[in-house]
Amino acid sequence: MPDGSPEGIDLLEAVAMAGGYTRIAAPERISIRRHSNAGKDEIIRVDAKRLARGDRGNFTVLPGDAITVGESIF
């Protein structure tokens, strides 16, 4: 990344880069596993439907984060 730009990318951009959602995806149930400096993993839950509507601003995915999109049964 160029100097001065923040690390990471927007969550919705990361999902798009990965090919988007599958037909059974539940974008309101996204979990991000992030490694903390203390050596413990932190789980962050994000509702991407609200992000897409602009209700909650944005969420930045950092290098090393693992994104899991939940599945909808119905």
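Residues numbered from 1 in each chain as written. Predicted model: local features only at pLDDT ≥ 70, side-chain atom pairs only at ≥ 80, totals over all residues. Heavy atoms only, no water.

**Looking at the nonpolar core**
In this structure, L11, A14, V15, I30, I32, I44, V46, A48, L51, F59 and V61 together form the largest nonpolar core, which totals 11 residues. Of all the elements in the fold, those that place two or more residues in this core are α1 (11-17), β2 (25-35), β3 (41-46) and α2 (48-53). Tallying contributions element by element places α1 first for this core, with three residues. Aside from chain neighbours lying at most four places away, what touches L51 is L11, L12, V46, R56, G57, N58 and F59. (Core = buried A, V, L, I, M, F, W, Y, C linked by side-chain atoms within 4.5 Å. Buried < 20%, exposed > 50% of the residue type's maximum accessible area, 1.4 Å probe, protein only. Helix = DSSP H or I, 4+ residues; strand = E, 2+ residues; numbered from the N terminus. Contact = heavy atoms within 4.5 Å.)

**Things to note about the environment of I32**
Among the secondary structure elements, I32 is positioned in strand β2. Judged by its relative accessible area of 0%, I32 is buried. When the C-alpha positions of I32 and E71 are compared, they lie 15 Å apart, and in sequence the two are 39 residues distant. Apart from the residues lying within four places of it in its own chain, the contact partners of I32 are E42, I43, I44, V46, F59, D65, A66 and I67.

**Topic: the pattern of salt bridges**
The full count for this structure, using the stated rule, is four salt bridges. Across the salt bridge formed by K49 and E28, the nearest N and O atoms sit 3.7 Å from each other. In this pair, K49 sits in helix α2 while E28 sits in strand β2, placing the two residues 21 residues apart along the sequence. Exposure remark for K49: the relative accessible area of 41% places this residue in the partly exposed category. We note a salt bridge from R50 to D47, for which the minimum N-O separation is 3.8 Å. For R50, a relative accessible area of 33% corresponds to the partly exposed category. A relative accessible area of 26% places D47 in the partly exposed class. (Salt bridge = Lys/Arg side-chain N within 4 Å of Asp/Glu carboxyl O.)

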